[in-house]
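# Inside the fold
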Amino acid sequence: MASAPMEHEIGVEIPDPIQAPLFSVPEWNDEDEPLGMTRLRSGEGFLDGVKRLAQQNGDNPVATGKNSMLPGMRVAQDQIGVILQNGQVKIRPPGAYVTTALNPWKQDGAVIPTGRLAGVEFDPIKEASQRNRSFRNLDLGQTYRQIILQPQMVGIFEDQTETRLVSKGTYVYAADTELRGVIDLNHMNPVMVERETEDTAAASNNTGTRVDQHGRVVPGNQGHGTTVKTTKRYLPSGYFQSVAGITIARPEKGFVVLHKDELNRIGMTEGICIAQGKEDFVRTAKQESQSLRIEDLIIEFGDLNHYAKSTPMLELKSRDNVDALCRVQIKWKQFRPDIWVANRGAFTDPFDMLEEKCANMMRDWLLSVAHLDALKEKAQGFTKVEHQWTAELNDTGREYGVEVLVIEITTLRFPHIDKQDEQMALQMAETNLLIEMSRNDAAKEKETSKLNQATHIRQQEDRDREAEAQERTQEVLRRRNAAEAKTVTKKAEDETLVVEAEKSLALAMENKNKEVALAKATAEAEAERVRAKGKRDAAQLAAEGEIAVTKEKNNAQLDFLKQQAILLKENPGLLELLRIQNDLLKVQALAEAAESNPNVVLLEGQEGLEARRMNKGHAPQVPGAAIISNSNQ
């Protein structure tokens, strides 16, 4: 909705705004449906609506026919059959139908699917004509039809009594009801408006040509400062669509619908609006022409946006007859677009209406002040003048429903004064340049003197450093010669020390060899002593071992003999038996020895001694001799 009039303004009384009628679709009443039209309930199809309308009209458009399993017309689900019976269109529900010679369905019938496209009318006769050529040449009139409407769609129907708007649903209607069209609120015809935007730019381009904000070439002295470059832009102000004398308009954000009632009063609204009958919308021509038709007119939407535009460069004079160039920028908005449309007359936009008034105020003000006073006001930012002009322009704009937001004097120049100032500035610049050049020359001389002095100082320092360096070089030579002399003396001393060292080394080597030999002999003697001692220790250990073994054997034999003695003591007859056995063994041994050795003496006592004497004192070496001698012992 447009904003209310400004309460602080006084002058022309502004009437209250009129609220335009908002668009709305009457609620559909299933219990009180109009004749020739019905809305399908949940789960119903096209044939259900046809049957309901047929009951209201006393008609019977549905033909059942005779079901048969024989080949013929077969209508599936979501399909209907269309046939001609006695020149009338009949509709068959899903099923199988026999074909006879009296009813050749292939020539006078067709099977078509029921329509499911939103916003597209389903007409069985048209669909059948596309499938059966025999229908095309017949004038069959109208039959039952169907339309599916989505929530954003509006269907416009007409019958013999009224025009009806419906939305959101599936509708079936008879022949006496006509669908005039469907309006999709989201896909209506756009209305584009042209607006200008301004950009400040340099006063002259690369070629030196100076232009104003309208692209007009101006004299060079008038382009001093800044100029304005305008750019055209096209904005969507709203959307509309007309069907059967009914127009629906929908404004874009920042715009309003301008609705005219039957008394030609203009109302406004920011919502969707409808005009029908004697109502209409404010319209404007697509392009200016002396001969217009209704097709050349489009809906005009009221504009609530803020805009700014600059006046051309104005050539005026001050009170002291000094030429002046000035430009003013005006910022405004329409707070009541309905008043603007009613009172604008031949003005193309609010700026066209305000521009002349603003130019007059600028002319009057300059004629009332001298150019120096104008420049003082400029230095203060034109605050007082701009505030006064804004109030005066608002008095004018209020009559047209326009509010002036800001007036800004963007340019105020006095070309001749500027030229004189430029000449004076040029002369001053030349003088300043000469002064600056003199200062620069003096500074250069001073810098040159400083440079020469610094150069002399550096040269003297270089000479001092060179002398110091030569003195250091001589000192180094003296030290090197002294060092070389010391080196020769030191070398001779070192050679003497080397010879002595070599002699000492040879003597030390000789002594060392002797010591090594002595140590080697001593080590060998010690090793021999250690080996001898080891042998003695080993022999001693072996003897001790044999003695220990012998002791063990003797102890074992003694234990055996003790046991034998104890046994013999306990058995006296056993000793005699052993003696006899021993004697027998000796005799047997001597006998065997005598067989192999004739020197063996078998005699005892004196005879045996004699026999041994003859044998040179040696006892016969025969087995058993040890046993005999031991036994004798």
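- Labelled according to an unreviewed UniProt entry, the chain appears under the name Band 7 domain-containing protein, originating from Chaetoceros tenuissimus.

### Some points on the overall build of the chain
- For the chain, the count of helices and strands is 12 helices and 26 strands.
- By residue count, 32% of the 633 residues in the chain fall in the buried class.
- For the chain, contacts bridging at least 24 residues in sequence account for 63% of all contacts bridging at least 6.
- Accessible surface, the chain as shown: approximately 41100 Å² in total, 52% of it carbon and sulfur.

### Here's the deal with unusual backbone geometry
- In this model, Ala 244 sits at a positive phi of 55 degrees, which is unusual for a non-glycine residue.
- Looking at the secondary structure, you find Ala 244 in the loop between strand 14 (226-243) and strand 15 (246-251).

### A closer look at the sheet that holds strand 11 (residues 169-173)
- The strand order 2-11-8 describes an open sheet built from 3 strands, whose pairing is antiparallel. This sheet does not close on itself; its edge strands, each paired only once, are strand 2 (37-39) and strand 8 (145-149). Strand-to-strand, the axes of this sheet are offset by a mean angle of 20 degrees, without reference to chain direction.
- In this sheet, strand 11 lies alongside strand 2 in antiparallel orientation, the contact comprising 3 bridges. Across the sheet, residue Thr 38 finds its bridge partner in strand 11, namely Val 172.

### Topic: the side chain of Ser 237
- Examined against the element boundaries, Ser 237 turns out to sit in strand 14.
- For Ser 237, a relative accessible area of 1% gives the class buried.
- For Ser 237, the residues in contact, after removing those within four places along its chain, are Val 191, Val 193, Pro 251, Glu 252, Phe 255 and Phe 301.

### Topic: a nonpolar patch on the surface
- Together, Leu 433, Leu 434 and Met 437 give the surface a local cluster of nonpolar side chains, amounting to about 300 Å² of exposed area.
- In this structure, Met 437 sits in helix 9 (residues 415-570).

### Let's talk about the sheet that holds strand 7 (residues 109-113)
- If you walk across this open sheet you meet the 3 strands as 5-4-7, and the pairing is antiparallel. The sheet is open, and its two borders are formed by strand 5 (88-92) and strand 7, each paired with just one other strand. Ignoring which end each strand starts from, the neighbouring axes of this sheet average 25 degrees apart.
- Against the sheet, helix 3 (residues 124-131) contacts strand 4 (79-85), strand 5 and strand 7, and its axis sits at roughly 115 degrees relative to strand 7.

### Side note on the confidence of the model for the chain
- Considering every residue of the chain, the mean pLDDT works out to 80; 81% of them sit at 70 or more.
- Here residues 1-10 is a poorly scored stretch, pLDDT under 50, and it has 25 contacts once near neighbours within four places are set aside; other chains count.
- Counting contacts from residues 220-225, a segment whose pLDDT is below 50, to residues more than four positions away or on other chains yields 16 contacts.

### Details of the pattern of salt bridges
- Per the stated rule, a full pass over the model turns up 26 salt bridges.
- A salt bridge links Arg 344 to Glu 300; the shortest N-O distance between them is 2.7 Å. On the criterion of sequence distance, the pair formed by Arg 344 in the loop between helix 5 (337-343) and helix 6 (350-367) and Glu 300 in the loop between strand 21 (297-299) and strand 22 (301-303) is long-range, its members being 44 residues apart.
- The partner of Arg 478 in a salt bridge is Glu 475, with the nearest N and O atoms 2.3 Å apart. Of this pair, Arg 478 and Glu 475 both sit in helix 9, 3 residues apart, roughly one helical turn.

### Thoughts on helix 7 (residues 371-379)
- Burial in helix 7 covers these residues: His 371, Ala 374 and Glu 377. Taken down its axis, helix 7 places every buried residue within 115 degrees of arc, on the same side. Structural note: helix 7 exposes Leu 372, Lys 376 and Ala 379 on the side pointing more than 90 degrees away from its buried face.
- Of the residues trailing helix 7, Gly 381 is marked for its positive phi of about 85 degrees.

### A short note on the packing of helix 6 against helix 8 (residues 383-398)
- With their axes 10 Å apart at the nearest point, helix 6 and helix 8 run at an angle of 140 degrees to one another. Helix-helix and strand crossings are classified by hand; for helix 6 and helix 8 the assignment is right-handed. Residues Met 353, Leu 354, Lys 357, Cys 358, Met 361, Met 362 and Trp 365 of helix 6 lie in contact with helix 8, whose contacting residues are Val 385, Trp 389, Glu 392, Leu 393, Thr 396 and Gly 397.
- Looking at the contact of helix 6 with helix 8, its residues break down into 9 nonpolar, 2 polar and 2 charged.

### Let's talk about the side chain of Gln 329
- Checked against the element boundaries, Gln 329 lands in strand 25 (residues 323-334).
- Once residues lying within four places of it in the same chain are set aside, the contact partners of Gln 329 are Glu 198, Ala 308, Lys 309, Ser 310, Val 406, Ile 407, Glu 408 and Thr 410.

### Overview of helix 8
- Here helix 8 contains 16 residues, and its C-alpha end-to-end distance of 22 Å stays within 8% of the 22 Å for a straight helix at 1.5 Å per residue.
- Of the residues making up helix 8, those classed as buried are Val 385, Glu 386, Trp 389, Thr 390, Leu 393, Asn 394, Gly 397 and Arg 398.
- On its buried face, helix 8 is in contact with strand 25, helix 6, helix 7 and strand 26 (402-413).

### Quick word on the nonpolar core
- By size, the foremost hydrophobic cluster in this structure holds 53 residues, and its most contacted members are Ile 330, Met 362, Trp 365, Leu 366, Trp 389 and Leu 412.
- Not counting chain neighbours up to four residues away, the residues in contact with Trp 389 comprise Val 328, Met 361, Met 362, Trp 365, Ile 407 and Ile 409.
- Phe 46, Val 50, Ile 91 and Ala 128 belong to the second-largest nonpolar core, a separate cluster that totals 21 residues.

### Points about the packing of aromatic side chains
- Counted under the stated rule, the structure contains 9 aromatic pairs.
- Within the aromatic cluster, the residues linked to one another by ring pairs are Tyr 307, Trp 332 and Phe 351.

Reading guide: rules and limits
Residues numbered from 1 in each chain as written. Predicted model: local features only at pLDDT ≥ 70, side-chain atom pairs only at ≥ 80, totals over all residues. Heavy atoms only, no water. Helix = DSSP H or I, 4+ residues; strand = E, 2+ residues; numbered from the N terminus. Buried < 20%, exposed > 50% of the residue type's maximum accessible area, 1.4 Å probe, protein only. Contact = heavy atoms within 4.5 Å. Areas by Shrake-Rupley, 256 points an atom, 1.4 Å probe, with all protein chains shown as cover. Pairing = 2+ DSSP bridges. Axes fitted to C-alpha atoms, helices over the stretch in contact; angles between N-to-C directions. Patch = residues over 30% accessible without salt bridge, like charges linked within 9 Å, V, L, I, M, F, W, Y side chains within 5 Å. Salt bridge = Lys/Arg side-chain N within 4 Å of Asp/Glu carboxyl O. pLDDT = per-residue confidence, 0-100. Arc of directions from axis to C-beta. Left-handed = near helix turned anticlockwise from the far one by under 90°. Nonpolar A, V, L, I, M, F, W, Y, C, P; charged D, E, K, R; others polar. Expected span 1.5 Å × (residues − 1). Core = buried A, V, L, I, M, F, W, Y, C linked by side-chain atoms within 4.5 Å. Phe/Tyr/Trp six-rings, centres within 6.5 Å; stacked < 30°, edge-to-face > 60°.

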